[in-house]
Amino acid sequence: MSLPAFAELLERLVFTPGRNAKLALMKRFFATQRDPDRGVALAAISGELSFTAAKPSLVRDLVATRIDPVLLAWSHDYVGDLAETVALIWPEPTHRPNRPPPDLAEVVEALELAPKADIPGMLSEWLDLLDPGGRLALIKLVTGGLRVGASGRLARQALAEWSGQPVEEIEEVWHGVPPPYLPLFAWLEGRAERPDPRDAPVFRSPMLAQPLEAPDVAALDHTAFRAEWKWDGVRVQASAGPGGRRLWTRTGEDMSGAFPEILEALDFHAVVDGELLVIRDGEVAPFADLQQRLNRKVVGPKMLKDYPAGLRLYDLLFEAGEDLRALPFDARRDRLEAWFARVKPARMDLSPQVAFSSMEQLAALRDGARAAGIEGLMLKRGDAPYIAGRPKGLWWKWKRAPLAVDAVLMYAQRGHGKRSSTYSDYTFGLWRADGEGGEELVPVGKAYSGYTDQELVWLDRWIRNHTTSRFGPVREVEKELVLEVVFDAAQLSSRHKSGVAMRFPRISRLRPDKPAAEADRLETLMAMVENRPE
Amino acid sequence: MPAPHPDSWTRITPEGLYCEPGGFHIDPARAVERAVISHGHSDHARPDHGAVLATPETLAIMTARLGEGRAGREQQALPYHQTLVQNGVRVTLVPAGHVLGSAQVVLEWRGSRLVVSGDYKRQPDPTCLPFEAVPCDVFVTEATFALPVFRHPPMRHEVQRLLDSVRLFPQRAHLVGCYALGKCQRLIAGLREAGYDRPLFLHGAQASMCRLYERRGIALGELLPVPRPEKRGATVLPGEIVLAPPSAEANPWARRLADPVTALASGWMRVRQRAKARGVELPLVISDHADWDDLLATCAEVEAPEVWVTHGREEALIHALAARGVRGRALHLIGREEDEGADPVPAEEEAAG
C-alpha cells in the first residue's frame, strides 16, 4: 500500500504551511513505511529521482482513448493542470483487478528496466489500480513533474528527529549512499554501523556565522579575527574527486545541474567553500542577475553567456582526501592559497582578506562599502577549526547598516498557518508624479516581518478599520499609514511596476504620527539603486 | 390524446420555474405569491413568499433560519409521498437525499410528469432519507459538479483522513469548515459512525441547526460551544475537532484555537487549485451534491427522454446526455450559488473579536 501512502504524504505536504507539521508528517512516514519504499520516497522528496520515461503527451494520449475529447478539454480548462486532470478523470475500471496497488519501489524499478514501448501499457495498468491521489503521484513521478512541499533538507531533519542522530551526520552519509538508502535506514534504526562515504562527493554541513550586533562589537578582540567581504551571492560547497563532482547549496541541495560551467571547472580532488556569483570582467553583478540562474533545470547557451557564474573561494575543507576541518582557520587559509596557486581552477578566485588595525577602521570600511555584491563583512577567528552548524563566537557576519524609506501602506494580505486570521503581509508604495499634475502612489515592495507582536495586533486592527475594498484574502486600505521600511539593497528591475526591487524589505517602525503626504518619493529609492547603468 | 409536454404547462419567469395551471413557482429566487420549496438552503428557500408548500422538516428549517413570519405568510406542510392537488396539478414530495427535509417536487398534469429534483445526492447520509428515482417525462436536475473530474470518495474515507490528522497533531485543534445546514450534521454523524465519541465543538452558527436536527430525532452525540480562553492570549481545544462555517478561520474568533489545522469539507476540494486558493491545510472531499457519475446514473434511472439543467456546468452534462440519446436543455436559472448551499458567514465572530 505504499504508493497510496506516499501520495497521501505528498498531498498533505503540499497543503501544510508549517515546518513542524511537515516534520511530523515525514517522521511518521519514515517510521511506518517499509524498506525500500521509504528510501525511494526520500529520494523523490530530495529530487534524486528523475524520470523522463513518459512525456506529458503520452499521458494525454492514454486518457484520450478513454474519455470524450470535449469533456476532457473542458475538464482540463477547469482544473488547469494536465496531470491532475488525468488523475481525477481516469475512469474507474468496471472490473477492478484483484491486486493491491503497486509499491513505490516496484514502480521505480519497473520504469528503470522497461523498454520504452512497454511503458504506456504498464502505466495504464497502474492507473487502474490506484485512487486519484495515487494516480496524481504516479503521473507526476513518471513525467518528472513531481513537486514536493518540503525540501530534502527538511526530510533529513525529519530523519534526525525520528532517529535521534545528528542531522550533520545524516547529511554526510546520505549523499554517499545511493537510493533507496538501505544502509542509512539500517544505521538510523540502530541495526548497523554508520555507513562510510569515503570518496563519494558528499555534502558536509557548513560552518555558519552569527550576526554581529552593536553590543558584541566592543567585546571583540580584533587581533584574533580576520576580515573578508560578505558577498551577496549564494553560499555553496563544491566537492570533486574520483567519486564525482557536485555543487551543493548550504542546506545540502544539489545544484550541479543549474551550473554546468562550474561543474566543468571542478577538475580537482578537493572540497571548497565559497560564494557563487555572477561575475562579468571580474566585477560582481547584483544578486538579481544570479537569480536568473537559480532554480533552473536546464540552462541554455544564452543564459551561460549573459549570466556567467563564478566561484569566490574562502575555505578549503578537504584536499585530496585529507580532512582539513580540524585545522585552525589561518592554517586552512594558507593551504587554500597554496592549493589555488598550484591548481589554478577555472572560473574561480580567492575572496581577499581585508586588512585592518582596529574595529573603528573596520566599521568605516563596512559602512563605506556600497558596491554591488557586497553585503558587509565577515569576521573569522584565526584559530577556529571548521565546525558544522553555527558555533558561538567563531564566525561573525557584520552586515552594513540597512537602507530605509518611509512608505505608505497600500494593501494587506492575511498570512498562513497561525497568521491566517491576521493581516500580516503588507504592500507599500512611494509617491511619484502621475503625469497629470498630481501625485500617485506606486507599489514598491512587500514585507511580512520586522514588526513586534504588539505592532502586528495594532496593524491588523488598523487594516480592518480602514479597508476600502477586498479581493479574496487581500484588502486595500486608505492611503494614510506611513511605515518605515528597511532593506539591504535596491536594484533596478523590469519585473516591477515601479522599476525597482528591494532586497529583504522589512517593517522597522510604524509612523502613525507622520502624514502620508510626507512619505518618501520614488526618486529617493531610485537614488539608492546600485546597478544603475552609467 | 397524447399527454402534454411539460414545456407546454411550465415556463421560466424572472423568479424561476413556474407551473402555469398550478399557479405556483418552485424554489423562486425572490418573493412570490405561491411557492413550493425543495429544501432549506438559502438559495432555494427565500424569505417573504405568500404561501409556502414544503415538507414539515423544510418548513421548520425555514422558520428557524428566516425568522418567525418570514418563512411564508401561510405554510402548508406536505409529508413525503402524500399528494396534494392544486388546480388539477398533482404535487408530491419525494426524498432527494440532500439535507434533512429535502425533496424532489413531482408534478403531474394530464398524464404528463415533471420531476424537479432540487439539489440531491446519491451517497448515503445518516441524517436524511435517501434519494428515490421517480420515472418521468422531464427530469430537472442541478449540475453543480457536472464535470468528469468530480467524483466524490465515500465519506468514511474522508472522515478517516480527518481522524488520522487529529491523531498525528494532538497539540493542535482541527477547525473544520462546513455549511451549517446539512454538511455539518452529516459530518458529525459520519464521525460518530467511525466510533469518534469525544465531544464536538461548535461555532455558534452551527449549534442552532444541530439542535433542530436533534429535535427531529437525529442523534449527534455530545456537542459543546467553543469556550473562551481563561486568560488573554491563551488558546483552547488542542486535539479536539471544531466545526464552524467555511471561512471562519479568517476571523479573529479563530485565534482562540490551539494552532488550528484548517480543514474544509466541500466537493470543490477535489481540485487542488480550489483548495490552495482557500488556504486549506486539510481539504476534505465531502459533498451534499451528486458527483458526475451519480448525475449520469440518476438521469438514466429516471428514464426521462428530456433533462432540464438548472445551474452549474450545464454544457458538460448536456453534452454527455446527448451522447446517450437524451435531450438536454439549460434553464439558466439565476440566483443559485455555485458554492454548495452557500450561506453568508454569520456576523457573530467579527463582533466577538
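Please read these numbers as outputs of a predicted model, since none were measured by experiment. (Residues numbered from 1 in each chain as written. Chains lettered and ligands numbered in written order. Predicted model: local features only at pLDDT ≥ 70, side-chain atom pairs only at ≥ 80, totals over all residues.)

### Focus on helix α7 (residues 314-323) of chain B
Move 1: Among the residues of α7 of chain B, E314, A316, L317, A320 and L321 of chain B are the ones counted as buried.
Move 2: On the buried face of α7 of chain B, the contacting elements are α5 (69-79) of chain A together with β11 (138-143), α6 (292-301), β18 (306-312) and β19 (327-330) of chain B.
Move 3: Count one or two residues on from α7 of chain B and you reach G325 of chain B, which has phi positive near 80°. (Buried ≥ 20, exposed ≤ 12 C-beta atoms within 10 Å, placed from the backbone. Helix = DSSP H or I, 4+ residues; strand = E, 2+ residues; numbered from the N terminus. Contact = placed C-beta atoms within 7 Å.)

### Quick word on the sheet that holds strand β15 (residues 241-244) of chain B
All names here are of chain B.
Move 1: Reading across the sheet, the six strands line up as β14-β13-β15-β12-β16-β17 and stay open at both edges, with parallel pairing between neighbours. In this open sheet, the two edge strands, each paired with only one partner strand, are β14 (223-225) and β17 (282-284). Strand-to-strand twist across the sheet, computed as the mean angle between neighbouring axes with direction ignored, equals 30°.
Move 2: Looking at chain direction, strand β12 (residues 174-177) and β15 are connected through four bridges and run parallel. Bridge pairing links V176 to L243 in β15. (Pairing = 2+ DSSP bridges. Axes fitted to C-alpha atoms, helices over the stretch in contact; angles between N-to-C directions.)

### Side note on the sheet that holds strand β10 (residues 353-354) of chain A
Residues and elements named next belong to chain A.
Move 1: Here we have five strands laid out as an open sheet, ordered β1-β12-β11-β2-β10, and mixed in their pairing. Because the sheet does not close on itself, it has two edges, and the strands there are β1 (210-211) and β10.
Move 2: The pairing of strand β2 (residues 225-231) with β10 spans two bridges and is antiparallel. Bridged to A227 within β10 is V354.

### What to know about the domain arrangement of chain B
Residues and elements named next belong to chain B.
Move 1: Domains assigned within chain B are domain 1 (6-149 + 288-348) and domain 2 (155-286).
Move 2: Each of domain 1 and domain 2 was reduced to a C-alpha centroid, and the two centroids are 28 Å apart.
Move 3: Taken residue by residue, the interface counts 23 residues in domain 1 and 24 residues in domain 2.
Move 4: Here the side of domain 1 that touches domain 2 takes four residues from helix α1 (residues 56-66), the largest share from any one element.
Move 5: The class makeup of the residues in the side of domain 1 that touches domain 2 is ten nonpolar, seven polar and six charged. (Domains from an automatic or database assignment. Nonpolar A, V, L, I, M, F, W, Y, C, P; charged D, E, K, R; others polar.)

### Considering the interface of chain A and chain B
How big an interface is tends to be stated in terms of the accessible area lost upon association of its parts.
Move 1: Of the residues lining the interface, 24 residues belong to chain A; the matching set on chain B comes to 27 residues.
Move 2: Contributing elements (two or more residues each) for the side of chain A that touches chain B: α2 (19-32), α5 and α6 (82-89) of chain A.
Move 3: At six residues, the largest contribution of residues to the side of chain A that touches chain B is made by α5 of chain A.
Move 4: A breakdown of the residues in the side of chain A that touches chain B according to their chemical character gives twelve nonpolar, seven polar and five charged.

### Some words on the domain arrangement of chain A
Move 1: Each assigned domain of chain A is listed here: domain 1 (2-142), domain 2 (210-399) and domain 3 (403-526).
Move 2: Between the C-alpha centres of domain 1 of chain A and domain 3 of chain A there is a distance of 42 Å.

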